[in-house]
Amino acid sequence: MNEHRPHRTPPSPPGARETVLEVENLRTYFEVEGEIAKAVDGVSFEIYADEVFGLVGESGCGKSVTALSVMRLIPSPPGTIAGGQIRYRGRDLLALPIREMRRIRGDRIAMIFQEPMTALDPVFTIGYQVREAILVHRPALDRQTAEEHAAQMLERVGIADARRQLGSYPHQISGGMRQRVMIAMALAMEPDLLIADEPTTALDVTIQAQILELMLELRKRAGTRGAVRGTSPRGARRDAASSTRRASRLEPDAEQDAGTARGAGASMLLITHDLAVVAETCDRVAVMYGGELQEIAEVRPLFQRPLHPYTQGLLASLPRPDRPRRQRLDAIPGSVPSILELPSGCKFVTRCPARIPLCEEVDPQLVEVESGRFCRCHVTERRLAAGWGPPRAFPWDEGEVDVAVPGGEDPRAPTPAPASHPEAPR
């Protein structure tokens, strides 16, 4: 088995697509009442061109902090990126001057924030905010051209009467429309990488499906053009010369776009706690708990055969129509420990039915236990090395629980974590 050490990302598979983002041994800490909260501790992963990469886990596990670290938006104080590298197409974002990072942020890498009502400024109109996102990166544009492009972006995300809505304030439109505005702002410059932080959390199921479908559709379009155009697919200008002049002013700087090969579509980092969304939209997924990645795999193998006990627990808690009806769903015992009181060994040890004494003492490494599959679990590693299957810590597929360990080491019953704890940074 190949050990996935904290200072290395998993190697790209042979003949793999171009790597867009590499996060290596990322550590983001917060000072909380004189103590250090390790919100993200040694996280490594990569995102390939034209890939949707899911990051899933419970609230407080470090998903949003990981995304904000990539964008270099961690509030300091109290937070700081204590170590690691974040490489976008080979360039270490953490080493860039802040002015250069601002040129990338919102242009090459864009983010859809978790709650649009707080992300949008209540004292400015929708049109002003979308137009500002365009003018920051294309200062040579005149206001009229930027406003025209803003209206076209609102049309693309399905907002009716887009030109009138440019004059609306965030509180005057619905939650679904606010989320569509956030998507329009993020995709206005047709980014190479889109980070979506729980973009459907506050929406009802019907609107969730529409937003996800919209994001995936626009993501595919984003990488097909070398620059933002001043025309929409619905209403291209008939005056070709005028369109060409307007489009040329929306072209990114040659120096800024150097080395950025646009593929068939933009890549996406999709952050969510909803496994159904992951199954529907993602190509690969990383499962996060306690500030660390516990498992990385392609979506289908992960749902068919989860390797980590925590992943099994998440899947076992899902309602499924093909299972017999029960009074209660299966639940992971205990609760997520405080970020200030994480175990010194495996972060899941207090809730894991498969734990052994080693789990309490030594934090396992993220290792490649099968081709393209990474898992952070002593028990899983031992069982697979002995030719056994992965442990079955939770009845995720209605099978019998099996947590035996080669060598006869008896699993210990988990001690539930405290039911209440201070609010942890997400």
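Residues numbered from 1 in each chain as written. Predicted model: local features only at pLDDT ≥ 70, side-chain atom pairs only at ≥ 80, totals over all residues. Heavy atoms only, no water.

With that out of the way, let us pick up unusual backbone geometry. Looking along the chain, the bond that leaves Ser76 and enters Pro77 is cis, with omega of -10°. Here the bond from Pro77 into Pro78 is cis, since omega is 10°, no more than 30 degrees from zero. The topology assignment puts Pro78 in the loop between helix H1 (63–70) and strand E5 (79–88). A positive phi angle, close to 50°, is found at Glu33, a residue other than glycine. Note on placement: Glu33 falls in the loop between strand E2 (19–32) and strand E3 (35–48). You can call Glu33 exposed: its relative accessible area is 76%. (Helix = DSSP H or I, 4+ residues; strand = E, 2+ residues; numbered from the N terminus. Buried < 20%, exposed > 50% of the residue type's maximum accessible area, 1.4 Å probe, protein only.)

A few words on helix H13 (residues 309–316). Counting buried positions along H13 gives 8 out of 8 residues, so the element sits mostly inside the fold. Those residues of H13 that are buried are in contact with helix H11 (275–281), strand E10 (284–289), strand E11 (292–298), helix H12 (299–304) and helix H15 (378–385). (Contact = heavy atoms within 4.5 Å.)

The full count for this structure, using the stated rule, is 2 cavities of 30 Å³ or more. Counted as a void, the largest cavity has a volume near 70 Å³. In this structure, the largest cavity is lined by His308, Pro309, Cys346, Phe348, Val349, Cys352, Ala354, Arg355, Cys359, Cys377 and Val379. (1 Å grid on protein atoms, 1.4 Å probe; cavity = no way out; pocket = protein on both sides within 12 Å on 5 of 7 lines; lining within 4 Å. Points joined across faces, edges and corners; volume = space filled by probe spheres on them.)

The next point concerns the layout of surface pockets. Empty pockets left among the atoms are what a rolling probe the size of a water molecule brings to light. The volume enclosed by the largest pocket comes to roughly 670 Å³. Considering the residues around the largest pocket, the lining is formed by 22 residues, among which Gly106, Phe113, Glu132, Ala133 and Met185 are closest to the centre. Residue assignment for the lining of the largest pocket shows that the elements contributing at least two residues are strand E7 (109–112), helix H4 (126–137) and helix H7 (175–187). The dominant element in the lining of the largest pocket, judged by the number of residues it contributes, is H4, at 6 residues.

The 4 strands are arranged E3-E2-E5-E6 in an open sheet whose pairing can be described as antiparallel. Edge positions in the sheet fall to E3 and strand E6 (91–92), since each has one partner strand and no second. As judged from the 8 bridges shared by E2 and E5, these two strands associate in the antiparallel manner. Considered in E5, the bridge of Phe30 is made with Gly79. Lying over the sheet, H1 contacts E2, E3 and E5, oriented at roughly 115° with respect to E2. (Pairing = 2+ DSSP bridges. Axes fitted to C-alpha atoms, helices over the stretch in contact; angles between N-to-C directions.)

It is worth spelling out the side chain of Arg383 at this point. Counting through the fold element by element, Arg383 comes out in helix H15. Since its relative accessible area comes to 3%, Arg383 is described here as buried. The residues touching Arg383, leaving out its near neighbours within four places in the chain, are Trp388, Gly389, Pro390, Pro391, Asp402, Val403, Ala404 and Pro406.

Ile112, Leu154, Val181, Ile183, Met215, Leu270 and Phe348 are the most contacted members of the largest nonpolar core, which totals 72 residues. Sorting elements by how many residues they give to this core places H7 first, with 6 residues. Leaving out residues up to four positions away in the same chain, Ile183 has contacts with Ile112, Val157, Ile211, Leu214, Met215 and Leu218. Grouped together as the second largest cluster of nonpolar side chains are 39 residues, Val20, Tyr88, Met101 and Ile271 included. (Core = buried A, V, L, I, M, F, W, Y, C linked by side-chain atoms within 4.5 Å.)

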